[in-house]
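Structural characterization, general
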Amino acid sequence: MASGGPGEWYNSLPVITRFFATACVATTIAMEFRMIDPFYLVLDWGMVFTKFQIWRLVTCFFIIGGFSWNFLMRIILIHNYGVALEKGVFQFKTAEFLYLWLFGACTLLAVSLALPGFQLIVLNGPFVFMLLYIWSKHYPTQSVSIMGLFQVQGFYLPWAFLMINMVLGGSPWQDLFGIFAGHL
């Protein structure tokens, strides 16, 4: 954290990552305090096509869920890997970084439309996993500690998180769709 406090730290975040993290936190707060019904934010292709509710194509990326361990982990992943990419590989290349995010988002939307059986109505998880995968490709030899329990090289980080998710009883599909989007 910057020596000037939380405000200085927040302002020091790169613009795209700061916007995305802020949108995720604001969406979570709005849902937790019942200021908005999550039903109006999730990706519902029927509502997009029949009622022209095009905001769903964007808001589905901001939904993490309520304040929980999952919320905290996603925000940490967005911060660590989004900032590392934006300040490292994409430093002074904001337009390219934005293009990467838009291409990834469009890819995940296309997967959601093409594979309705997977019920991909919230795309934050796959999107964050896409960022993690892209980071791992740019920093394959960097050693990373996973929750202080064990170390892995950057190349294996997405796969380690995928395995942790599966051990905890989660489905691998959303993570795999994120890896797919990042690989393209």
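See the structure shown above.
Figured I'd write up the structure that's included with this text. Sequence order as written defines residue numbering, which begins from 1 separately in each chain. With pLDDT at 70 or above as the cut-off, local features in this predicted model cover only qualifying residues; side-chain atom pairs require 80 or more to be listed or tallied, and sums for whole chains, interfaces and linings still use all residues. Heavy atoms throughout the structure, all of them, feed into the side-chain values; hydrogens and water do not.

In terms of helices and strands, the protein carries 9 helices and 2 strands. The linear arrangement of helices and strands in the protein, starting from the amino end, is α-α-α-α-α-α-α-β-β-α-α. Every radius of gyration here is taken over C-alpha atoms, with the globule rule written as 2.2 Å times N^0.38, N being the number of residues. Expected size for 184 residues packed as a compact globule is a radius of gyration near 16 Å; at 16 Å, the protein falls within 12% of this value. Its C-alpha atoms give the protein principal-axis dimensions of roughly 45 × 35 × 30 Å. Relative accessibility decides the category of a residue: with a 1.4 Å probe and only protein chains considered, values under 20% of the type maximum give buried, values over 50% give exposed, and everything between is partly exposed. Across the 184 residues in the protein, those meeting the buried criterion constitute 43%. We call two residues contacting when some pair of their heavy atoms lies within 4.5 Å. Long-range pairs, those at least 24 residues apart, make up 61% of the contacts in the protein between residues at least 6 apart in sequence. Only the protein chains shown count as cover for residues, and the accessible areas themselves come from Shrake-Rupley with a 1.4 Å probe. Roughly 10,100 Å² of accessible area belongs to the protein as shown, and the carbon and sulfur atoms make up 69% of that amount. Helix and strand assignments follow DSSP, with helices taken as H or I runs no shorter than four residues and strands as E runs no shorter than two, numbered in order from the N terminus.

Turning our eyes to something else, we now look at the layout of surface pockets. Whether a set of points on the 1 Å grid over the protein atoms alone is a cavity depends on a 1.4 Å probe fitting there but being unable to get out, while an open set qualifies as a pocket with protein on both sides within 12 Å along at least five of seven lines; lining residues are those with an atom within 4 Å of a point. Grid points are joined across faces, edges and corners, and a volume is the space filled by probe spheres set on the points. Volume-wise, the largest pocket comes out at about 420 Å³. Counting residues per element, the ones that place at least two in the lining of the largest pocket are α5 (69–87), α7 (124–138), α8 (157–167) and α9 (173–183). For the lining of the largest pocket, the element with the highest residue contribution is α5, accounting for 5 residues. For this classification, Asp, Glu, Lys and Arg are treated as charged, while Ala, Val, Leu, Ile, Met, Phe, Trp, Tyr, Cys and Pro are nonpolar and the rest, including Gly, are polar. Partitioning the lining of the largest pocket into residue classes produces 9 nonpolar, 4 polar and 2 charged. Of the voids in this model, the second largest pocket is the one considered here, and its volume is about 310 Å³.

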